[in-house]
Amino acid sequence: SLPLGKITLFSDLHPKLYPAYFNYGTAGFRMPGKVLDSVLFRVGILAGLRSKKMDGKTVGIMVTASHNPETDNGVKMVDPRGEMLDSSWEVYATTLANSSTTEMFLSTLEEFVEAEKIDLSKPARVVYARDTRPSGPALVAALEDGFAAIGAEARNAGITTTPILHYLVKAINTKGTEECFGDDSEHGYFTKLSEAFKKLLLGKPTPSPLVIDCANGVGAPIAAKLAQYLAASMPMLLTNTAIDNPGALNNLCGADYIKTTQKIPPSLMTVLQPGQRACSLDGDADRLMYYYLDSRGQYHMLDGDKIAALVASFIVELVKAAGLENRIKIGVVQTAYANGSSTKYLSTRLPVKCVSTGVKHLHHAAEHYDVGIYFEANGHGTVLFSQQIQNILSGCQPSTLAQSIAINHLINLAQLINQTVGDALSDMLLVEVVLAHRSYGCVEWDSLYTDLPNRLVKVLVEDRNIFKTEDAERRLVSPPGLQEKINDLSHKYDSGRSFVRPSGTEDVVRVYAEAATKQQADELAFRIAGVVY
Ligand code: NG1
Ligand code: ZN
């Protein structure tokens, strides 16, 4: 049975002091850091139970609020395969976080153990990490009290990125098996990536220096370590590395700043040379955006859609060169936020599927292909190679040298890419590999297709729950009549497309619009916002 006495003792140290409603959403729990103490403690217990339920396999816990302001924080659980927490448990997490007293928490916990038939005699194993936020250490201490209360065997991975934590979870759980993901350490991660990168770049010219905006977050120390493993094979210029500077995290820099403002970080204005490649990570280094200044000093953004286009066309060609196009089913997964031009570009090369917003939907849809590529426009994405395809690749008997080279590239790509989750640093190396193979600079990459001008606006509404969508969030079914108004407005604009959906992470409704010109896209977005409000 549950160690009720011990849990009570610890729980009283972490009372729920705030009336706030906690919700385990697409990004886990995410709130101002100061209200999260009780939540972290309870997540510690829940993670232990999740491990018991999964027969003692290791569960991951990441303490981060990603691209959100420095004063926010959050916590997210990672399932033993290195993927997001199973949805049914998100509901339990929410219920447990909202129990107002220790007594209520305990009784909810008991009901839950009963309902899930959790065998409490099983071991509980967890691995956890945090980003560089100032509220991190206290929240980790609360989490550790949760582990102690449930008696979990806990491994502290320290200050690291979200994708490295996912890597560790999968590496720990596949240790000593046929599907061994790599050595279960940061060293193992860097070795796996850097070796694959060097093999893929063999015989290619060394890339010119890449400017990396680390968002003043955990990406800074991690990218610095990666640079040591890559040495001269990948020259990197790290900027925005001030992790101890109060208020600096994600402030006027980082991947989300790039995407939402469509501007260069002010700190890079004097650093970036025309034609030079630059990229931005977010606060936990799972999102990546590229950009550059053209010869006239004009700023251009290369977002997740452009990364998908670059990577997908490269992989399609490798599979053809390997003579495997009839054995490997490749596909791309996007959301409604993907630029219409990217969808058009990709659709002529491979199947493209649109799913609802949220990494979970993208990841699951990508798993239906042998090689599934997904990127959100905001720069979060990865490529999944099914185990079966990895076996086929390693057992292949190529009949020509060209086939053998292509197969080796595919094998090395599967090592280079962090298949558990979007990983800014792994994706950055992937982009660099494709650019080197194509002999592309930013300009050539950018010219794969021209983005349709677009505009995203937030609308504060009384109750966002009345907004219900279908067809991968591209159509509103409620409130009644609203979709017809949106259609009528969109039809008035050249290449007009727009949709409205409730945010899963903020208390707002989002309006997205694209059209042939920037002015039209802005106008369409604001006219639709007007009918939504
Ligand atoms: P919401 O708030 O549901 O739009 C945002 C992003 C998603 C995803 C999640 C999780 C946009 C428009 N939405 O979701 O792509 O990244 O946060 O972090 O960028
Ligand atoms: Zn992030």
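What you are looking at is a predicted structure, and each value in this text was computed from that prediction instead of being measured.

**Overview of the overall build of the protein**
Here comes step 1: Scanning the protein for helices and strands turns up 18 helices and 19 strands.
Here comes step 2: For 533 residues, the compact-globule estimate of 2.2 N^0.38 gives 24 Å, and the C-alpha radius of gyration of the protein, at 23 Å, lies within 12% of that figure.
Here comes step 3: If one aligns the C-alpha atoms of the protein with their principal axes, the spans along those axes are about 65 × 60 × 45 Å.
Here comes step 4: Residues classed as buried in the protein amount to 49% of the 533 residues present.
Here comes step 5: Long-range contacts, defined here as pairs at least 24 residues apart, represent 72% of the contacts in the protein between residues at least 6 apart.

**Description of the nonpolar core**
Here comes step 1: If you look at the biggest cluster of nonpolar residues, it comprises 135 residues, and the most contacted ones within it are V43, I61, V126, L143, V311, I373 and L416.
Here comes step 2: In this structure L416 touches L193, A196, F197, L200, S426, L429, L430 and V433, once residues within four positions along its chain are discounted.
Here comes step 3: Counting 20 residues, the second largest nonpolar core, distinct from the first, contains V459, L476, A521 and I528.

**Considering the domain arrangement of the protein**
Here comes step 1: For the protein, the domain assignment lists domain 1 (4-159), domain 2 (187-302), domain 3 (304-422) and domain 4 (454-532).
Here comes step 2: The C-alpha-based centres of domain 1 and domain 4 are spaced at 35 Å.

**A short note on the packing of helix α1 (residues 4-13) against helix α4 (residues 102-115)**
Here comes step 1: At a closest axis distance of 10 Å, the pairing of α1 and α4 adopts a crossing angle of 140°. On the basis of the axis angle, α1 is oblique to α4. Relative to α4, the crossing made by α1 is right-handed. Together, L4, I7, T8, S11 and D12 of α1 and T102, F105 and L106 of α4 make up the contact between the two elements.
Here comes step 2: Within the contact of α1 with α4, the residues separate by chemical class into four nonpolar, three polar and one charged.

**A short note on the UniProt feature "domain: Alpha-D-phosphohexomutase C-terminal" (unreviewed entry) in the protein**
Here comes step 1: This chain's UniProt record puts "domain: Alpha-D-phosphohexomutase C-terminal" (unreviewed entry) on residues 456-529.
Here comes step 2: Split by type, residues 456-529 is 30% helix and 31% strand. Its first and last C-alpha atoms lie 10 Å apart.

**With respect to the environment of K306**
Here comes step 1: For K306, the location among the structural elements is in helix α10 (residues 304-321).
Here comes step 2: When the C-alpha positions of K306 and T450 are compared, they lie 9.7 Å apart, and in sequence the two are 144 residues distant.

**A short note on the pairing of strand β3 (residues 72-78)**
Here comes step 1: Most of β3 is tucked away: seven of the seven residues are buried.
Here comes step 2: Bridge count between strand β1 (residues 29-32) and β3: four bridges; the pairing is antiparallel. From the neighbouring strand, M31 faces β3, where its bridge partner is N73.
Here comes step 3: As paired strands, strand β2 (residues 58-63) and β3 are joined by four bridges and run antiparallel to one another. Counterpart to V63 in the pairing with β3 is V75.

**Focus on the pairing of strand β7 (residues 236-239)**
Along any regular strand the residues' side chains alternate between the sheet's two faces.
Here comes step 1: Inspection of the sheet shows strand β6 (residues 210-213) paired to β7 by four bridges, in the parallel sense. Note that in β7 the partner of I212 across the bridge is L238.

**Some thoughts on unusual backbone geometry**
Here comes step 1: With an omega dihedral of 0°, the bond running from S478 to P479 counts as a cis peptide bond.
Here comes step 2: Residue position: P479 is located in the loop between β17 (475-478) and α17 (482-491).
Here comes step 3: Phi angles above zero are rare outside glycine, and A215 is one such case at about 60°.
Here comes step 4: Residue A215 is classed as buried on the basis of its C-beta count, with 35 C-beta atoms lying within 10 Å.
Here comes step 5: For Q262, which is not glycine, the phi torsion reads 50° and is therefore positive.
Here comes step 6: You can see Q262 is positioned in the loop between α9 (255-261) and β8 (278-281).
Here comes step 7: For Q262, a count of 16 C-beta atoms within 10 Å translates into the label partly exposed.

**Things to note about helix α11 (residues 340-347)**
Here comes step 1: Among all positions in α11, only S342, Y345 and L346 are buried. Around the axis of α11, the buried residues are gathered within 95° of arc, so they sit on the same side. Seen from the buried face of α11, the exposed residues on the opposite side, beyond 90 degrees, are K344 and S347.
Here comes step 2: Where α11 is buried, its residues contact α10, β11 (330-334) and β12 (352-354).

**Considering the sheet that holds β11**
Here comes step 1: In space, the four strands of this open sheet follow the order β12-β11-β13-β14, with mixed pairing throughout. The sheet is open, and its two edges are formed by β12 and β14 (381-385), each paired on a single side. In this sheet, neighbouring strand axes are inclined to one another by 20° on average, regardless of whether the strands run parallel or antiparallel.
Here comes step 2: Where β11 lies against β12, three bridges are found, and the strand directions are parallel. Note on β12: the bridge partner recorded for V332 is V352.
Here comes step 3: Sitting on the sheet, helix α12 (residues 359-366) is in contact with β11, β12, β13 (371-375) and β14, with an inclination near 160° to β13.

**Quick look at the UniProt feature "domain: Phosphoacetylglucosamine mutase AMG1" (unreviewed entry) in the protein**
Here comes step 1: As recorded in UniProt, the feature "domain: Phosphoacetylglucosamine mutase AMG1" (unreviewed entry) lies at residues 199-288 and 303-440.
Here comes step 2: In residues 199-288, helix accounts for 24% and strand for 14%; the two terminal C-alpha atoms are 23 Å from one another.
Here comes step 3: Secondary structure across residues 303-440 comprises 54% helix and 13% strand; the distance between its end C-alpha atoms is 16 Å.

**Quick word on the sheet that holds β7**
Here comes step 1: Within the open sheet, the five strands sit side by side as β7-β6-β8-β9-β10. Their pairing is mixed. This sheet does not close on itself; its edge strands, each paired only once, are β7 and β10 (299-302). Taking each pair of neighbouring strands and ignoring which way they run, the sheet shows an average axis angle of 25°.
Here comes step 2: Across four bridges, β8 lies against strand β9 (residues 288-293) in antiparallel orientation. What sits directly across from S280, in β9, is M289.
Here comes step 3: Sheet strands in contact with helix α15 (residues 424-438) are β6, β8 and β9, and its direction is about 45° off that of β9.

Calculation notes
- Residues numbered from 1 in each chain as written.
- Chains lettered and ligands numbered in written order.
- Predicted model: local features only at pLDDT ≥ 70, side-chain atom pairs only at ≥ 80, totals over all residues.
- Helix = DSSP H or I, 4+ residues; strand = E, 2+ residues; numbered from the N terminus.
- Rg over C-alpha atoms; globule rule 2.2 N^0.38 Å.
- Buried ≥ 20, exposed ≤ 12 C-beta atoms within 10 Å, placed from the backbone.
- Contact = placed C-beta atoms within 7 Å.
- Core = buried A, V, L, I, M, F, W, Y, C linked by C-beta atoms within 7 Å.
- Domains from an automatic or database assignment.
- Axes fitted to C-alpha atoms, helices over the stretch in contact; angles between N-to-C directions.
- Parallel < 35°, antiparallel > 145°, perpendicular 65-115°, else oblique.
- Left-handed = near helix turned anticlockwise from the far one by under 90°.
- Nonpolar A, V, L, I, M, F, W, Y, C, P; charged D, E, K, R; others polar.
- UniProt positions renumbered as here; feature names shortened; annotations may be inferred.
- Pairing = 2+ DSSP bridges.
- Arc of directions from axis to C-beta.

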